[in-house]
Amino acid sequence: MDVSLSSWLVILLAALAANLPFLSERVFGLIPWRSAVKPFWLRLLEMFCLYAAVGLLAFLLESRMGNRFPQRWEFFAVTGCLFIVLAYPGFVYRYLRRRQG
């Protein structure tokens, strides 16, 4: 897999993973929650876990290509903010969209 394809794969998976907590009432899209609506704190926890999973996948892809670059806190701050920005459409759909009726 070349660098360009793996980069686009990670970006696409990050966009999907960032929106999953807001588009589904199941935890990680698999496990049903005990009440009808997931609480907001659970959505944030789920987003953090999905951020870590996408980061681990990106780390593995980078390691398979050759040199792995060391990352410091600045990298994680920027990618965390980018993950939150990618979650904006799901947040708008869940909390800001007008409901009919």
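Residues numbered from 1 in each chain as written. Predicted model: local features only at pLDDT ≥ 70, side-chain atom pairs only at ≥ 80, totals over all residues. Heavy atoms only, no water.

Asks: Please provide a residue-by-residue account of the overall build of the protein chain, values included.
Replies: The number of helices and strands found in the protein chain is four helices and two strands. Listing every helix and strand of the protein chain by position from the N terminus yields α-β-β-α-α-α. Seen through its principal axes, the protein chain has C-alpha atoms that stretch 55 × 25 × 25 Å. The burial tally for the protein chain puts 24% of its 101 residues in the buried class. Within the protein chain, contacts between residues separated by at least 24 positions form 61% of all contacts whose residues are at least 6 apart in sequence. Looking at the protein chain, you have 11 positive and 5 negative side-chain charges, and the mean spots of the two groups are 12 Å apart. (Helix = DSSP H or I, 4+ residues; strand = E, 2+ residues; numbered from the N terminus. Buried < 20%, exposed > 50% of the residue type's maximum accessible area, 1.4 Å probe, protein only. Contact = heavy atoms within 4.5 Å. Lys, Arg positive; Asp, Glu negative; His and termini not counted. Charge placed at Lys NZ, Arg CZ, Asp CG, Glu CD.)

Asks: Any chance you could break down the side chain of Ser24 for me, citing the residues and the numbers?
Replies: Structurally, Ser24 is set in the loop between α1 (3-23) and β1 (26-27). For Ser24, the contacting residues outside a window of four places in its chain are Gly29, Lys38, Arg43 and Arg94.

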